[in-house]
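Report on the structure
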Amino acid sequence: MKIKMISLALLITFVLIGCGHNKLDLGGATQIDIYNWENKDLIHTIEDASFIEDLVTKLNKANGEKISDTADIAMLPYKAHFKNKEETILELGFDQTKDEAHFMDYENSIRYKVDISLPNVPLTSASPKTKEEIEEENKKELELEKHNQEEQKDKE
């Protein structure tokens, strides 16, 4: 009986620890910079302390959805840099609809959804590209560049 109780306690502990890894602990953010993922252009900087506090609270409370390591994880169109002064605390992939924002921790393969939209950031209209689609585009660009270089050498 005693062994069963200890085993049950250990099982509950492991389950709770496992669930805890899907939570963010994002504190101390004083600024959020939103960048276009592809061309790395800065789209908007948010410095409104009350908005940042509200967003961070929602993200910290959000249950992260673990994405399988074998899943086809879509690349989101934006990147959100959460900063404390000039130091980046965390970078997350980001997109949003009218009613909610989606954040993706690519390093840990966890997706977070919150019921808030970030100001001055375009809504996502196109579906996000997958890693394979981006790799294919990059491959085509490299082939085109190589082809252009060969044509230029032929002209010389």
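Predicted model only: the values in this text are computed from it and were never measured.

Let us now look at the side chain of Gln 96. Relative to the helices and strands, Gln 96 is located in strand E6 (residues 87–96). A relative accessible area of 0% places Gln 96 in the buried class. A polar contact of 2.6 Å, which involves the side chain of Gln 96, links it to the backbone nitrogen of Leu 118. Apart from residues lying up to four places away in sequence, Gln 96 is in contact with Ala 101, Ser 117, Leu 118, Val 121, Pro 122, Leu 123 and Thr 124.

Here seven strands make up an open sheet; going across it, the order is E2-E1-E5-E6-E7-E8-E3 and the pairing antiparallel. Lying at the two open borders of the sheet, with one neighbouring strand each, are strand E2 (42–46) and strand E3 (65–66). Examined bridge by bridge, E6 and strand E7 (residues 101–105) share four bridges and lie antiparallel to one another. Paired with Gln 96 across the strands is Ala 101, a residue of E7. Where helix H2 (residues 49–61) meets the sheet, it contacts strand E1 (31–36), E2, strand E5 (78–84), E7 and strand E8 (110–114), and its direction lies at approximately 125° from that of E8.

A few words now on the pairing of E5. Burial within E5 is extensive, with five of its seven residues counted as buried. Bridge analysis of E5 against E6 gives seven bridges, and the strand direction is antiparallel. Bridge pairing in E6 places His 81 opposite Glu 91. Taking the residues between adjacent antiparallel strands as the criterion, E5 and E6 are bridged by two residues, where Lys 85 takes a positive phi near 60°.

Here we come to the layout of surface pockets. Empty space within the second largest pocket amounts to approximately 170 Å³. If you go around the second largest pocket, the residues you meet are Trp 37, Lys 79, Leu 90, Glu 91, Leu 92, Gly 93, Met 104, Asp 105, Tyr 106, Glu 107 and Asn 108. Where the lining of the second largest pocket is concerned, the elements lending two or more residues are E6 and E7. The dominant element in the lining of the second largest pocket, judged by the number of residues it contributes, is E6, at four residues. Grouping the amino acids of the lining of the second largest pocket by side-chain chemistry returns five nonpolar, two polar and four charged.

Our focus in this paragraph is the environment of Asp 33. With respect to the secondary-structure elements, Asp 33 resides in strand E1. Judged by relative accessible area, which is 3%, Asp 33 ranks as buried. The spacing of Asp 33 and Ala 80 is 47 residues in sequence and 5.7 Å in space, taken between C-alpha atoms. Ignoring anything within four residues of it in the chain, the contact list for Asp 33 reads Leu 42, His 44, Thr 45, Lys 79, Ala 80, His 81 and Lys 83. Side-chain polar atoms of Asp 33 contact the side chain of Thr 45, separated by 2.9 Å.

Criteria and cut-off values
Residues numbered from 1 in each chain as written. Predicted model: local features only at pLDDT ≥ 70, side-chain atom pairs only at ≥ 80, totals over all residues. Heavy atoms only, no water. Helix = DSSP H or I, 4+ residues; strand = E, 2+ residues; numbered from the N terminus. Buried < 20%, exposed > 50% of the residue type's maximum accessible area, 1.4 Å probe, protein only. Polar contact = N/O pair within 3.5 Å; in protein donor to acceptor, adjacent residues only side chain to side chain. Contact = heavy atoms within 4.5 Å. Pairing = 2+ DSSP bridges. Axes fitted to C-alpha atoms, helices over the stretch in contact; angles between N-to-C directions. 1 Å grid on protein atoms, 1.4 Å probe; cavity = no way out; pocket = protein on both sides within 12 Å on 5 of 7 lines; lining within 4 Å. Points joined across faces, edges and corners; volume = space filled by probe spheres on them. Nonpolar A, V, L, I, M, F, W, Y, C, P; charged D, E, K, R; others polar.

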